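The chain contents come next:
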Amino acid sequence: MKVGVPKEIKTHEYRVGLTPGAVREYVAAGHNVLVETNAGAGIGASDDTYRKAGATIVGSAREVFASSEMIVKVKEPQPSEWTQLREEQILFTYLHLAPDPEQARGLLKSGCTAIAYETVTDAHSGLPLLAPMSEVAGRLAVEAAGSALKRYSGGRGLLIGGVPGVQPARIVVIGGGVVGTHAARMAAGLGAEVTILDRSIPRLRELDELFESRVRTRFSTIDALEEEVFAADVVIGAVLVPGASAPKLVSRSMLGSMRKGTVIVDVAIDQGGCFETSRPTTHADPTYEVDGVIHYCVANMPGAVPLTSSQALNNATLPFGLALANEGFAAVLENPHLRAGLNAYRGRLTYKAVAESLGLPFSPIEQAAA
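Residues numbered from 1 in each chain as written. Predicted model: local features only at pLDDT ≥ 70, side-chain atom pairs only at ≥ 80, totals over all residues. Heavy atoms only, no water.

1. Examining a nonpolar patch on the surface
And step 1. On the surface, L159, V163 and V166 cluster together into a nonpolar patch covering about 270 Å² of accessible area.
And step 2. With a relative accessible area of 45%, V163 lands in the partly exposed category. (Patch = residues over 30% accessible without salt bridge, like charges linked within 9 Å, V, L, I, M, F, W, Y side chains within 5 Å. Areas by Shrake-Rupley, 256 points an atom, 1.4 Å probe, with all protein chains shown as cover. Salt bridge = Lys/Arg side-chain N within 4 Å of Asp/Glu carboxyl O. Buried < 20%, exposed > 50% of the residue type's maximum accessible area, 1.4 Å probe, protein only.)

2. With respect to the nonpolar core
And step 1. Membership of the largest hydrophobic core comes to 78 residues, with the highest contact counts inside it found for L18, Y26, V33, Y50, I115, I236 and L324.
And step 2. With 9 residues, the single largest contributor to this core is helix α6 (residues 131-148).
And step 3. Setting aside residues up to four positions removed in sequence, V33 forms contacts with V3, V5, L18, V23, Y26, V27, A55 and T56.
And step 4. Counting 24 residues, the second-largest nonpolar core is a separate cluster that includes V229, I269, F275 and Y288. (Core = buried A, V, L, I, M, F, W, Y, C linked by side-chain atoms within 4.5 Å. Helix = DSSP H or I, 4+ residues; strand = E, 2+ residues; numbered from the N terminus. Contact = heavy atoms within 4.5 Å.)

3. A word on the packing of helix α7 (residues 178-189) against helix α8 (residues 201-211)
And step 1. Here α7 crosses α8 at 25°, and the two axes come no closer than 12 Å. Comparing the axis directions of α7 and α8 gives the class roughly parallel. When the axes of α7 and α8 are compared, the crossing they make is right-handed. Contact with α7, carried on its side by T181, A184 and R185, involves R203, L207, L210 and F211 of α8 and no other residues of that element.
And step 2. Looking at side-chain class alone, the contact of α7 with α8 contains 4 nonpolar, 1 polar and 2 charged residues. (Axes fitted to C-alpha atoms, helices over the stretch in contact; angles between N-to-C directions. Parallel < 35°, antiparallel > 145°, perpendicular 65-115°, else oblique. Left-handed = near helix turned anticlockwise from the far one by under 90°. Nonpolar A, V, L, I, M, F, W, Y, C, P; charged D, E, K, R; others polar.)

4. A closer look at the environment of A316
And step 1. Within the element layout of this structure, A316 appears in helix α11 (residues 306-327).
And step 2. Classification of A316 by relative accessible area gives buried; the value is 15%.
And step 3. Sequence separation of A316 and N300 is 16 residues, and the distance between their C-alpha atoms is 18 Å.
And step 4. Setting aside anything within four residues of it in sequence, one finds A316 in contact with P128, L129 and P132.

5. Describing the pattern of salt bridges
And step 1. Counted by the stated rule, this structure contains 18 salt bridges.
And step 2. Among the ionic pairs, E76 bridges to K75, the shortest N-O distance being 3.5 Å.
And step 3. Exposure remark for E76: the relative accessible area of 10% places this residue in the buried category.
And step 4. Relative accessible area serves as the criterion here: at 2%, K75 is assigned to the buried category.
And step 5. One salt bridge in this structure joins E228 and R170, with 3.3 Å as the shortest N-O distance. Pair noted here: E228 is in helix α9 (residues 222-231) and R170 is in strand β7 (residues 170-174), with a separation of 58 residues, a long-range link.
And step 6. Linked through salt bridges whose partners overlap, the residues forming this network are R170, E193, R216, R218, E227 and E228.

6. Some words on the pairing of strand β5 (residues 90-93)
And step 1. Across the two faces of β5 the burial is the same, with I90 and F92 and L91 and T93 all buried.
And step 2. Pairing of strand β4 (residues 70-72) with β5 involves 3 bridges; the strand directions are parallel. Across the sheet, I71 pairs through a bridge with L91, a residue of β5.
And step 3. Note that the unit made of β5, helix α5 (residues 101-110) and strand β6 (residues 113-116) has a crossover that is right-handed. (Pairing = 2+ DSSP bridges. Right-handed = clockwise from strand over helix to strand, strands pointing away.)

As structure tokens, then:
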């Protein structure tokens, strides 16, 4: 199969769909890999490095899209990209369609087979292609909060870990999944006072054992959420409903009871965000203020550390990508985990949560492929 890797074009997105090491694996399996020139510049991988790995370097994204049977990316296709997709072509990348009707319409119009990293599953009901970026984002969330807390950034002027004799920052993490766990790990390691809110008692027990009482856990009720958010210096939104829009857990009216200079980091922004006042931002302009509360809502946080992120992502995506390259669409029909990743096929939405979020018809894969 001809596998194409265009250069990412989202603002300050430096990751790459296939690293040179991954290209070697595809080539060794008998596939042709086309890489747009300078696609790997953000991770320090030159065109020569890709050539040595066996890739063919082409001069433009248009050549990649026109010549490839499968496109492997990192971020969702931008308008100039989805207009180049076509039927019979496989797109393998993060999509986050639920809060993005424009992209959904573009993919449906193209007729391509769109497989979303974020909904591919594993044998343990996990999300193996979302997990590595969730780990990165969770850790970066605390770094971002630390920067935004500084007075010159509009924050309260707090050092996350404090110093001897001075109280550290109080950090509340909403959601005890992968993002929340790694955010809590970073925050606790810096000396912050950390609370995790979640609605799963078994998960709260796991977190309590994992952190050995260094982190407080609370069952997330309306009362508990308000108590913690109103007393927090930092609130990290780490709630995930696979494929669907994130629930809005913190309303605009709640901001008035938060302390001025409190920082919100919405890691769920790719799925629409879990704060009512969230809107996507970029690494170039990451924060804004609403009612005295600083919002950090960068939609591609792991793009800030592309070398780490690209390697972690490729480690996870490689076996699934090779299966698609080896077998084409048949791999989706044969592999239930890849089937869970199928979001669009020949102009139909095949992921129920996405269809419901967008208010569009849902077509089970058996119906869409009939």
